[in-house]
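Each chain, letter by letter, is given below.
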Amino acid sequence: MGIMSELFPSTDMKWHANATKRFASPFVGVPHDRIDVDPIVLAHVATLFGYTIKDFYTKPELAMRLVAYANEFYDLLPVTHWFYSNVWIDSLGAKLEPTETLPYIVMEPRPIQTPEDIDKLHVPDVNEVSKSMCAQLFFRAYDYVTQNIPHMFVPIAFAFCLFGMAAELVGPEKFIIWTRRQPKLCHKLLEKVTETSANGAIAIANKYGFAMLVMGSVLATSSVLSPKGIKEFSFDYHMKYIRKAFKGGAGPQLWYHLCGDHSRDWPIWKDIIVSPFTVLHIGYYEDKPFPGDLMKKEFGDKLTIMVSVDTKIMVEPNFNRVYEQAKNQLLAARDSPRGCILGTACETPVPTNPGNIFALVKAARDFGTYGTW
Amino acid sequence: MVIEVVILKDVEKTLSERGISVDNVREVIEHGETTGEKIYLPAENKFLAKKVIGKATFYTMYSPLEGKFTLHSAYAHRMSMKEPITIVTAETTDWVCYKCNEKLVRSNIDMEYLGITRAAPGISCPKCKLSFIEEYVAGKTLVVAESLLEKKRA
């Protein structure tokens, strides 16, 4: 990867020092500079800088470098990241392939065709999961960062989302029907997906010392399940996942990413496990960005909140619309007691207009600068 | 109150690794036994007590037997415990509050370190709010959190 490193100028360490203090400020209660902006950049930066989506997902070293470069370019976070949603399930028999336009998708036939297939599934232990395709991709990414841009390293274990990952093993539509007709099967499979994912997190913590747990309720939303269903099939398994991962040495950081509509189930998430470094991000309330004032009122005294701008508007060349939405969310939530981060409801789409990310940062500078409100 | 503690070899090793003295252990057990501020696992006859000694909170898990106390484990954290901020009454544990005879439930507890207050996962009595940090959280999650807070604050 030496040649690839030569393609990128060194990080401006003055920028990095400031961004690091800014990044830490919500967690240490010392306001610095302005509210941070995290538009969850992924393959967008590949196409922005002349690579392909497939490059991004098949070359995790390159992806880490591109995100690091973009974070400096846009004045975002002082750390880099790379991930895809169908993590760890290759250890449970799923065959994953990247496409030209999508990250790793599950190929047919799905590993769970019959209820008996669930019983046959072997849950890999930490050592076994360390050898999986998923672990190897993350190890490549993290080894590259530790060797080349160590100042931008944070080890992260992803679980997006346990319900969605279980659904991918069966087929999403069939799995959603099972939640109503054969819930016991769902639970049996969710137990195995949860155990496997926690073992994956422990594998990362074993290799890198700790592992920030980033997890989400992405398929399990108010559009798909009732609040009771989300508690039963998503929330409870995420809490199990955290407990097992913590017992194995993963954590202590927790980042909850509730993508999609959580207008009916958000109260359930008031009971999440909280560690000293916890961020809660809720994407939408019905089809609108989840209100910043509601986030602050209900969660602000417990953890750091991340408020959203509608991801859909990040593509259009209407920079003022993004700026105004970001401004309104900041005005509503910027003084949240345990800190606030400005983001987008989900990953910025590949065709995101860079002008819109600049609009987010401009709004954070104009309305999220500590000491000016 | 004279506290005679029986410490098995493997537990002795744990104490040494964690820098916990036998005097610390005696002090915590004495505190639990005299104040009744302790929780227990009825099926295993195990008790868990805690006491702030100096700048750390020490915990001991023990079983009383014929006037002696067999030590099962001991651990500590430097973060100082404040109040539980979430009490999830629907998620009970096997631990029972000695004073209230109520099952402890999962909670999030505000902890203070270096002047920073942030929450950590714990267990609390839903009635008297007596709260504890479990061994795996103290020994792993909080140790790393304390170290990260020191670095981030620097």
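Look a little higher up for the structure.
Residues numbered from 1 in each chain as written. Chains lettered and ligands numbered in written order. Predicted model: local features only at pLDDT ≥ 70, side-chain atom pairs only at ≥ 80, totals over all residues. Heavy atoms only, no water.

**Looking at the overall build of chain A**
Part 1 of the argument: Helix and strand content of chain A: 15 helices and 10 strands.
Part 2 of the argument: Radius of gyration (C-alpha) of chain A: 20 Å, near the 21 Å computed for a compact globule of 373 residues.
Part 3 of the argument: For chain A, the spread of C-alpha atoms along the principal axes amounts to about 60 × 50 × 40 Å.
Part 4 of the argument: Buried positions account for 61% of the 373 residues belonging to chain A. (Helix = DSSP H or I, 4+ residues; strand = E, 2+ residues; numbered from the N terminus. Rg over C-alpha atoms; globule rule 2.2 N^0.38 Å. Buried < 20%, exposed > 50% of the residue type's maximum accessible area, 1.4 Å probe, protein only.)

**Quick notes on the pairing of strand β4 (residues 56-65) of chain B**
For a regular strand, the rule is simple: side chains alternate between the two faces of the sheet.
All names here are of chain B.
Part 1 of the argument: For β4, the tally of buried residues reaches 8 of 10 residues, placing the bulk of the element in the interior.
Part 2 of the argument: With 7 bridges connecting them, strand β3 (residues 46-53) and β4 associate as antiparallel partners. Its bridge partner lying in β4, Ile53 is registered against Ala56.
Part 3 of the argument: Following β3, the chain reverses through 2 residues before pairing antiparallel with β4; Gly54 in that reversal takes a positive phi of roughly 65 degrees.
Part 4 of the argument: Across 9 bridges, β4 lies against strand β5 (residues 68-77) in antiparallel orientation. The partner of Thr60 across the bridge, within β5, is Ala74.
Part 5 of the argument: Between the end of β4 and the start of β5, which pair antiparallel, lie 2 residues, with Glu66 showing a positive phi angle near 50 degrees. (Pairing = 2+ DSSP bridges.)

**So, the pairing of strand β5 (residues 212-216) of chain A**
All names here are of chain A.
Part 1 of the argument: Judged by how many residues are buried, β5 sits mostly within the fold: 5 of 5 residues are covered.
Part 2 of the argument: Covered by surrounding structure in β5 are Met212, Val214 and Gly216 together with Leu213 and Met215, the residues of both alternating faces.
Part 3 of the argument: Relative to β5, strand β4 (residues 156-160) runs parallel, the two sharing 5 bridges. By the bridge assignment for β5, Ile156 is matched with Met212.
Part 4 of the argument: As paired strands, β5 and strand β6 (residues 254-261) are joined by 4 bridges and run parallel to one another. Directly across from Leu213, in β6, lies its bridge partner Leu254.

**A closer look at the sheet that holds β3(B)**
Part 1 of the argument: Pairing is mixed across the open sheet formed by 9 strands, whose spatial order is β1-β5-β4-β3-β2-β6-β7-β8-β9 (chain B). Bordering the open sheet on either side are β1 (5-7) and β9 (131-132) of chain B, each of which pairs with just one other strand.
Part 2 of the argument: Here 8 bridges tie strand β6 (residues 80-97) of chain B to strand β7 (residues 103-113) of chain B, and the two strands are oriented antiparallel to one another. Pairing of B:Thr92 across the sheet is with B:Val105, part of β7(B).
Part 3 of the argument: In this fold helix α12 (residues 227-247) of chain A packs onto β6, β7 and β8 (116-124) of chain B, with an angle of close to 60 degrees to the strand it touches most, β7(B).
Part 4 of the argument: The strands that helix α2 (residues 22-35) of chain B touches are β1, β2 (38-41), β3, β4 and β5 of chain B; relative to β3(B), the one it contacts most, it runs at about 110 degrees. (Contact = heavy atoms within 4.5 Å. Axes fitted to C-alpha atoms, helices over the stretch in contact; angles between N-to-C directions.)

Read these as layout, nothing more, since geometry by itself doesn't imply function.
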